Every structure is written in structure tokens, then in C-alpha cells.
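Residues per chain, in single letters:
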Amino acid sequence: MSYPMVHLKVAYELFVQHGGGWIERPGDFLLGSVAPDAVHFHDGYQVSLKEKSHLWEFGPRWGITLDSEGWLEAIRKFWKENQSVENRDFMAGYCTHLLTDWENDRCIWTPFREKVMQGINFDEVYGKYAAEAYGIDQWLYQNDRESSEIWRFLEQGEVCGAEDRILEEDLARQKQSLLHEQFAGKAVADVSGYRFCTKQIMEEFVDGCVERISEEIFIRL
């Protein structure tokens, strides 16, 4: 699915559109937008933790979604149940992450998997996708003019858990990794030869996510 900088960029653009009266704590909103992936920082991580944090149970294994509409309805239900919690900004960010991954699965990953997965196994297909998705995420961080502002907001985000979906201590580790490890000091990303996650594809994807999530979270409320 989408990598961290894509999630943060989508969330930041939503804040630009819907800040002011709606999003009171942008740091919490942006931290929430990466929070479902905090499970990767859990000791003894298993993919079942990711399925749980992403409300996903709609295929034979994570990455093969057979009921896209069912997943969307699960996200909608979760947001409806959590849109009035004390830290609504964090939960709006959390659902922004889920919707971004849902959109990625529908528009980028599944079409790529179905086109490429001809006689090679799932893990090899995902490896091809992940290499470019990671590179384009680094490129976006290095070239987006709002990166410093996004990181300033992210640092302000208050660490918390989310029901039984993620643990506070895992999110704390994820936040520190994002701020100080995953992007700091990396070589300049060369994405010139990419075919699956190009600059144009990702820029159009971010714009599409912002439009779709605006409807799902901010207009439906």
C-alpha cells in the first residue's frame, strides 16, 4: 500500500483544505495519518496485526483484496463510530490513512498485481512494486516544498493508542523513526526509470485521494 510520505502528503493537503474550524490539532491529524502502520514497530510483528489495524478481512491474504466495497464500508463504519471521540483529529487522520490505502489498493496496487502476476509468485510481484513505491516516497520527501512544514506538524502530534488496533508504545517508536531515521540523510532518490510508481502517477494519486477523502470524512460528517 502507500508509504509514509504519501500518507502524510495526503493528510497535509486535506488540512490545507479543511483546517481552520474543522481540524484543531494538525499534528494529531498528521500523526493519525500514519498510525495504522505503527504495528510494524511491534515486537514480534505479524501481518495479522496489520490486517487488524487496517480493518481488513476481505481476501485470502493481505495484498489480495477480493471485496473492495466491503473494506470501504468497514472504514466508513469505523469513522462513524469514532468521529465524536475526544481526539477527533487523530481518528480523522487514522481513517485518512485507511482510505488512502483503500484507494491505493483499488487504483494502483491491484491493477499492477493483476497485470504483472503472470507465472511469478506474490512476493516477487510485491517486491517489484515496493522498490518503486519506496523510492518515490523518498523522492516526494526530498522534493515536496511542504516537507519541512509536514515534519513540524508531525513532531507536534500527541502519541496515543486507537481502541485495540494499535498500541501507544508502537506509535511512539514509529513517530521517532519517521522524524529521525526513515528519511534523514538518505541519498538523492533517482526515480527517472520508474514504470509503476512514477512522479505523474503518484501526484495524480495524491490529488485523487484528497478529493475522495474530502467527500468521505469532511463532507459526509
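Here the structure is shown first, and the text comes after it.
We now turn to the structure provided with this report. Small disclaimer: the values here were computed from a predicted structure and weren't measured.

Rules of the game
Residues numbered from 1 in each chain as written. Predicted model: local features only at pLDDT ≥ 70, side-chain atom pairs only at ≥ 80, totals over all residues. Heavy atoms only, no water. Salt bridge = Lys/Arg side-chain N within 4 Å of Asp/Glu carboxyl O. Helix = DSSP H or I, 4+ residues; strand = E, 2+ residues; numbered from the N terminus. Buried < 20%, exposed > 50% of the residue type's maximum accessible area, 1.4 Å probe, protein only. Contact = heavy atoms within 4.5 Å. Expected span 1.5 Å × (residues − 1). Core = buried A, V, L, I, M, F, W, Y, C linked by side-chain atoms within 4.5 Å. Phe/Tyr/Trp six-rings, centres within 6.5 Å; stacked < 30°, edge-to-face > 60°. Patch = residues over 30% accessible without salt bridge, like charges linked within 9 Å, V, L, I, M, F, W, Y side chains within 5 Å. Areas by Shrake-Rupley, 256 points an atom, 1.4 Å probe, with all protein chains shown as cover. Lys, Arg positive; Asp, Glu negative; His and termini not counted. Charge placed at Lys NZ, Arg CZ, Asp CG, Glu CD.

Some words on the pattern of salt bridges
Taken as a whole, this structure holds 16 salt bridges when the rule is applied. Residues Lys-52 and Asp-164 are paired through a salt bridge, measuring 3.6 Å at the closest nitrogen-oxygen approach. Here Lys-52, found in helix α3 (residues 47–53), pairs with Asp-164, found in the loop between α7 (147–156) and α8 (168–180); they are 112 residues apart in sequence, far enough to count as distant. Exposure remark for Lys-52: the relative accessible area of 38% places this residue in the partly exposed category. Here Arg-145 makes a salt bridge to Glu-146, at a shortest N to O gap of 3.6 Å.

Some remarks on the environment of Leu-171
Checked against the element boundaries, Leu-171 lands in helix α8. On the basis of relative accessible area, Leu-171 is assigned to the buried category, the value being 0%. Those residues in contact with Leu-171 that sit more than four places away from it in its chain are Leu-31, Ala-35, Ala-38, Phe-90, Val-159, Cys-160 and Ile-166.

Side note on helix α4 (residues 68–82)
Between its terminal C-alpha atoms α4 stretches 21 Å, which fits the 21 Å expected from 15 residues at 1.5 Å a residue. Gly-70, Trp-71, Leu-72, Ile-75, Phe-78, Trp-79 and Asn-82 are the residues of α4 that are buried. Looking at the buried side of α4, the elements it contacts are α5 (88–116) and α9 (199–219).

Topic: the side chain of Gln-174
Within the fold, Gln-174 resides in helix α8. Using a relative accessible area of 4% as the deciding quantity, one classes Gln-174 as buried. Gln-174 has contacts with Val-34, Ala-35, Asp-37, Ala-38, Phe-41 and Gln-182, leaving out every residue within four places of it along the chain.

Considerations on the nonpolar core
Membership of the largest hydrophobic core comes to 69 residues, with the highest contact counts inside it found for Phe-29, Phe-90, Tyr-94 and Ile-217. Within the residue set of this core, elements represented by two or more residues are α1 (4–18), α2 (26–32), α4, α5, α6 (122–143), α7, α8 and α9. In terms of residue count, the dominant contributor to this core is α5 (11 residues). Residues within four places of Tyr-94 in sequence aside, it is in contact with Gly-32, Ser-33, Ala-35, Pro-36, Ser-53, Phe-78, Ala-162, Arg-165 and Ile-166.

Remarks on α6
In this model, α6 (22 residues) spans 31 Å end to end at C-alpha, consistent with the 32 Å of a helix rising 1.5 Å per residue. For α6, the set of buried residues is Phe-122, Val-125, Tyr-129, Ala-130, Glu-132, Ala-133, Gly-135, Ile-136, Asp-137, Gln-138, Trp-139 and Leu-140.

A word on unusual backbone geometry
Glycine aside, negative phi is the norm for most residues, and most peptide bonds take the trans geometry. Positive phi, close to 60 degrees, is recorded for Leu-55, a residue that is not glycine. Here Leu-55 shows up in the loop between α3 and α4.

Digging into the packing of aromatic side chains
How two aromatic rings sit relative to each other is set out by the distance from centre to centre and by the angle between their planes. Throughout the structure, instances matching the rule amount to 17 aromatic pairs. Taking 4.6 Å as the distance between ring centres and 70 degrees as the angle between the ring planes, the aromatic pair formed by Trp-22 and Phe-218 counts as edge-to-face. Of this pair, Trp-22 sits in the loop between α1 and α2 while Phe-218 is found in helix α9, placing the two residues 196 residues apart along the sequence. Each of the two residues, Trp-22 as well as Phe-218, counts as buried.

Topic: a negative patch on the surface
A cluster of like negative charges, contributed by Glu-203, Glu-204, Asp-207, Glu-211 and Glu-215, occupies part of the molecular surface. Within the fold, Glu-211 resides in helix α9.

Quick word on the environment of Leu-178
Inspection of the secondary structure assignment puts Leu-178 in helix α8. Sequence-wise, Leu-178 and Gly-127 are 51 residues apart; in three dimensions their C-alpha atoms are separated by 22 Å. Among residues more than four places away in sequence, those in contact with Leu-178 are Pro-4, Val-34, Trp-151, Leu-154 and Phe-183.

All we've got here are geometric facts, nothing functional implied.
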